[in-house]
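Coordinates in review
These are the residues of each chain, in order.
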Amino acid sequence: MMKWEENVRKVVPYVPGEQPKDKNVIKLNTNENPYPPAPGVEELMNTMTYQDFRLYPDTDATELTKSLAKFYGVRESQIFVGVGSDDVLGMAFMTFFNNTEKPVLFPDITYSFYDVWADLYRIPYKQIPLDEDFHIRKEDYLIENGGIIFPNPNAPTGVLESVNDIEDIVKANPESVVIIDEAYIDFGGQSCLPLVEKYENLMVVQTFSKSRSMAGMRIGFAIANEKMIDYLKAAKFSYNSYTMNMPSLIMGVASVEDKAYFEQTCEKIITTREWFKKEMKALGFVFTDSYSNFLFAEHKSVPAKEIFDKLKEKKIYVRYWNKARINNRLRITIGTDEQMQQLIEALKEIV
Ligand code: PMP
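Thresholds applied
- Residues numbered from 1 in each chain as written.
- Predicted model: local features only at pLDDT ≥ 70, side-chain atom pairs only at ≥ 80, totals over all residues.
- Heavy atoms only, no water.
- Phe/Tyr/Trp six-rings, centres within 6.5 Å; stacked < 30°, edge-to-face > 60°.
- Helix = DSSP H or I, 4+ residues; strand = E, 2+ residues; numbered from the N terminus.
- Buried < 20%, exposed > 50% of the residue type's maximum accessible area, 1.4 Å probe, protein only.
- Lys NZ or Arg CZ within 6 Å of the ring centre and 35° of its normal.
- Near = heavy atom within 4 Å.
- Polar contact = N/O pair within 3.5 Å; in protein donor to acceptor, adjacent residues only side chain to side chain.
- 1 Å grid on protein atoms, 1.4 Å probe; cavity = no way out; pocket = protein on both sides within 12 Å on 5 of 7 lines; lining within 4 Å.
- Sits in = over half its atoms within 2 Å of the grid points.
- Domains from an automatic or database assignment.
- Contact = heavy atoms within 4.5 Å.
- Buried area = accessible area lost by both parts, 1.4 Å probe.
- Salt bridge = Lys/Arg side-chain N within 4 Å of Asp/Glu carboxyl O.
- Nonpolar A, V, L, I, M, F, W, Y, C, P; charged D, E, K, R; others polar.
- Axes fitted to C-alpha atoms, helices over the stretch in contact; angles between N-to-C directions.
- Parallel < 35°, antiparallel > 145°, perpendicular 65-115°, else oblique.
- Pairing = 2+ DSSP bridges.

**Description of the packing of aromatic side chains**
The full count for this structure, using the stated rule, is 21 aromatic pairs. Where Tyr56 meets Tyr242, the ring centres are 4.2 Å apart and the plane angle is 15°; that geometry is what we call stacked. A residue pair is termed long-range when its members are at least 10 positions apart, and Tyr56 in the loop between helix 1 (39-47) and helix 2 (62-72) and Tyr242 in the loop between helix 6 (226-236) and helix 7 (246-257) qualify at 186 residues. Judged by its relative accessible area of 62%, Tyr56 is exposed. A network of ring pairs unites the aromatic residues Tyr14, Phe93, Phe97, Phe106, Tyr111, Phe113, Tyr114, Trp117 and Tyr125 as a single cluster. The ring of Phe71 has Lys259 sitting right over it, with the charged end atom 5.5 Å from the ring centre. Arg331 extends its terminal NZ or CZ atom over the ring of Phe294, reaching a point 5.6 Å from the ring centre.

Structure, rendered in structure tokens:
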């Protein structure tokens, strides 16, 4: 090791799902939406010219914040937007989880970026085992902590917790910030957003990457009370003021304004998911009752890794983790009916 390497902040980075170079695959591995963004997004895109890129973007994301405030019925001052929810969550770890002694709590099976951010910012953390059915036991979150975070529905399990149970956790932890990562909430879950008015230690984070089909645009946002949002903004403006690029700021608005399209798209995914559950059950798969745009499934006899490899040979990409408790499961994104039908045909051959 070189002498200078002693001063390096060493991290083991998060590994995102594969983005295959071959576009001719059925891609069900990173929970993207198979449908295009709202039509207004394309219309706006066609009105932009390269001249629009000459100036810096609006650091306050004024228009996008306005449209989100209107959509969710909150004040503009309660919203923080960032480059995907990863940016918002990473910023929130840095801002709110700043206790060097008490651990931040999150489930043992969850979004695998949480422990990476904790390590990056040198935050102590404790991973709390989910129960046998992959549910959170709320009593486990009544211990001393430096913050709490989990997704609802959880990833990669798709399991939804009730707003009541989450409220109990938030209420029991007035000295900590509780972050609910609602990346997948629009696929049938009930959001904790109404609790934000009631509890000043709660922050809800959502994204345009799944339900709004804009993963490539990188837009995420947090909703909380003004004080929390101000702390988050102060951290962001101490780090990089121009995070959001101009096209996302502009086109994000077009997405939010088309509520009907958003609802239709989510409904289509939900319908496909429920049909897919029946087909998978008939093939001998068992799975959690997913409320997200993916299914977390295990076959009764064929190992997940074997199915994963064989699907890949057939150019169908799903997600597999060789991790304790979940190494016999596949996380399968819900695509179009046609894609899922092709997957079912492939699975019939494999299992
Ligand atoms: N939270 C969860 C639970 C996720 O699965 C993801 C997607 N990888 C994200 C946050 C981040 O999504 P994005 O940065 O695209 O908003």
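After presenting the structure, the write-up continues.
**Side note on the site of the ligand**
Taken together, the neighbourhood of the ligand is formed by 14 residues, with Ser85, Asp181, Tyr184, Thr207 and Ser209 sitting nearest. Contact between the ligand and Asp86: an oxygen atom at 3.0 Å from a main-chain N or O atom of the residue. Counting atoms within 2 Å of the grid points, the majority share of the ligand lands in the largest pocket. Sort the elements by how many residues they give to the shell around the ligand and helix 3 (residues 84-96) lands first, with 4 residues.

**Let's talk about the domain arrangement of the protein chain**
We note that the domain assignment places domain 1 (17-36 + 260-350) and domain 2 (39-257) within the protein chain. In this complex, domain 1 contributes 27 residues to the contact, which on the side of domain 2 involves 29 residues. Of the roughly 2100 Å² buried at the junction of domain 1 and domain 2 (both faces included), carbon and sulfur atoms supply 63%. Looking only at domain 1, the three residues that lose the most surface to domain 2 are Phe262, Tyr291 and Arg325, adding up to 34% of its buried area. At the junction of domain 1 and domain 2, the tally comes to 1 salt bridge. The closest approach of N and O atoms between Asp108 and Arg325, which form a salt bridge, is 2.8 Å. For the interface between domain 1 and domain 2, the tally reads 10 residue pairs in polar contact (both at pLDDT 80 or more). Every element with two or more residues in the side of domain 1 that touches domain 2 is listed here: helix 8 (259-282) and strand 10 (294-299). At 7 residues, helix 8 tops the list of elements feeding residues into the side of domain 1 that touches domain 2. Of the residues belonging to the side of domain 1 that touches domain 2, the class tally is 12 nonpolar, 8 polar and 7 charged.

**Digging into the packing of helix 8 against helix 10 (residues 337-350)**
Two elements in contact, helix 8 and helix 10, have axes separated by 11 Å at closest approach and are oriented at 10°. Relative to helix 10, the element helix 8 lies roughly parallel. Of the residues in helix 10, those in contact with Thr272, Trp275, Phe276, Glu279 and Met280 of helix 8 are Asp337, Met340, Gln341, Leu343, Ile344 and Leu347. Of the residues assigned to the contact of helix 8 with helix 10, the class counts are 7 nonpolar, 2 polar and 2 charged.

**Structural notes on the sheet that holds strand 9 (residues 285-287)**
With antiparallel pairing, the 4 strands of this open sheet are ordered in space as 9-10-13-12. Of all strands in the sheet, those with a lone pairing partner are strand 9 and strand 12 (319-320), marking the two edges. Bridge analysis of strand 10 against strand 13 (residues 330-333) gives 4 bridges, and the strand direction is antiparallel. Bridging from a neighbouring strand, Ala297 pairs with Leu330 of strand 13. Sitting on the sheet, helix 8 is in contact with strand 9, strand 10 and strand 13, with an inclination near 135° to strand 9.

**Points about the sheet that holds strand 2 (residues 79-82)**
The mixed open sheet is built from 7 strands, whose spatial order is 2-8-7-6-5-3-4. Of all strands in the sheet, those with a lone pairing partner are strand 2 and strand 4 (125-128), marking the two edges. Strand-to-strand twist of the sheet, defined as the mean angle between neighbouring strand axes without regard to direction, takes the value 20°. As paired elements, strand 7 (residues 202-207) and strand 8 (residues 220-223) share 4 bridges and run antiparallel to each other. Each residue of the ladder has a partner; that of Val205, found in strand 8, is Ala222. Where helix 5 (residues 163-172) meets the sheet, its contacts fall on strand 5 (147-151), strand 6 (178-181) and strand 7, and the angle it forms with strand 5 comes to roughly 165°.

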